[in-house]
Amino acid sequence: MTAKRVLVVEDERTIAEAVAARLRAEGFEVDVAGDGPGAVDAARRTRPDAIVLDVMLPGFDGLEVCRRIQAERGVPVLMLTARDDETDLLVGLAVGADDYLTKPFSMRELTARVHALLRRAGRSSAPSEPTPAESQLLRFGDLEINLAERRVQRAGVEARLTPTEFDLLVHLAGRPRTVLPRERLLADVWGWADASGTRTVDSHIKGLRRKLGADLIRTVHGVGYALEVER
């Protein structure tokens, strides 16, 4: 089996080297870039299977890097940020990042997140058996989810969801009006075995509400979320 390739984008050399060494020890092929323009160029040349991307970079920042890369080719992105600023996190998710880690982080958690990103990407791209067209459409009132084309409309207006947002919405739509705990969403959508990333779920839910309407998803504080549509 061909080793997966990961692009590490980090301007602090010691961090970049440590992350690259750990990922290589996990069996990945790793390339490293230290600034925004170099990251975009490296992504074009090496076509990585996943990117570990720092937000603060010389040249232009990680948000612009993510925006440019995703405009050319969809690739799973794990963003690294030195700040736990919710606005920055939401912007990162909006431009196509799938997940984030706040510095300082453990190498064990970083590698677990990268493995989970690649598992999810593999599931999304895996070929499936042909099914009737009507079974590829989920309709709940004015919400329409096209599973085959991975497209979503509400009231006839298409919403541009990230791959993670789409997967999360489909999972909630599988059990409408049922409250799904954050821990279960992490396990089923992200493929994580622990509950260390519940804020990741919260941030993606906010992204869905911003794009599809605040009334679509109900929060049950201390528990989780439910899609508020007719069964």
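This is a predicted model, so every value here is computed, not measured.

Visitor: Would you explain the overall build of the protein in this entry?
Guide: Helix and strand content of the protein: 8 helices and 12 strands. Split into buried and exposed, the 231 residues of the protein put 45% on the buried side. Sequence-distant contacts, at least 24 apart, represent 59% of the contacts inside the protein between residues at least 6 apart.

Visitor: Explain the pattern of salt bridges here, please?
Guide: When their charged atoms lie close together, side chains carrying opposite charge are able to pair. One pass over the structure, following the stated rule, counts 23 salt bridges. A salt bridge links R113 to D99; its shortest N-O distance comes to 3.1 Å. Of this pair, R113 sits in helix α5 (residues 107-125) while D99 sits in strand β5 (residues 99-102); the two residues are 14 residues apart in sequence, bridging distant segments of the chain. Overall, the relative accessible area of 5% leaves R113 in the buried class. Close ionic contact of R113 with E109 constitutes a salt bridge, the shortest N to O distance being 2.5 Å. With R113 and E109 both in helix α5 and 4 residues apart, this pair spans about one turn of that helix. Residues joined by salt bridges that share partners form a network here, namely E10, E12, D54 and K103.

Visitor: What is the right way to look at the nonpolar core in this model?
Guide: The nonpolar side chains of a soluble globular protein tend to be buried, and buried together. By size, the foremost hydrophobic cluster in this structure holds 27 residues, and its most contacted members are V152, L168, L169, L172, L216, I217 and L227. Those elements that place two or more of their residues in this core are β7 (143-146), α6 (163-173), α7 (182-190), α8 (198-212) and β12 (224-227). Among the elements that make up this core, the one with the highest residue count is α6 (5 residues). Sequence-distant contacts of L216, that is, excluding residues within four places in its chain, are made with L143, R154, L169, A226, L227, E228 and V229. In terms of nonpolar packing, the next biggest core, distinct from the first, is built from 22 residues, I51, L53, L63 and I69 among them.

Visitor: In this structure, what is going on with the confidence of the model for the protein? I would like to understand it.
Guide: Where the model shows low pLDDT, its predicted coordinates should not be examined in detail. This prediction gives the protein a mean pLDDT of 86; 85% of its residues lie at or above 70. Looking at the elements of the protein, mean pLDDT is at its lowest for helix α4 (residues 86-94), recorded as 65, and at its highest for strand β2 (residues 29-33), recorded as 98.

Rules of the game
Residues numbered from 1 in each chain as written. Predicted model: local features only at pLDDT ≥ 70, side-chain atom pairs only at ≥ 80, totals over all residues. Heavy atoms only, no water. Helix = DSSP H or I, 4+ residues; strand = E, 2+ residues; numbered from the N terminus. Buried < 20%, exposed > 50% of the residue type's maximum accessible area, 1.4 Å probe, protein only. Contact = heavy atoms within 4.5 Å. Salt bridge = Lys/Arg side-chain N within 4 Å of Asp/Glu carboxyl O. Core = buried A, V, L, I, M, F, W, Y, C linked by side-chain atoms within 4.5 Å. pLDDT = per-residue confidence, 0-100.

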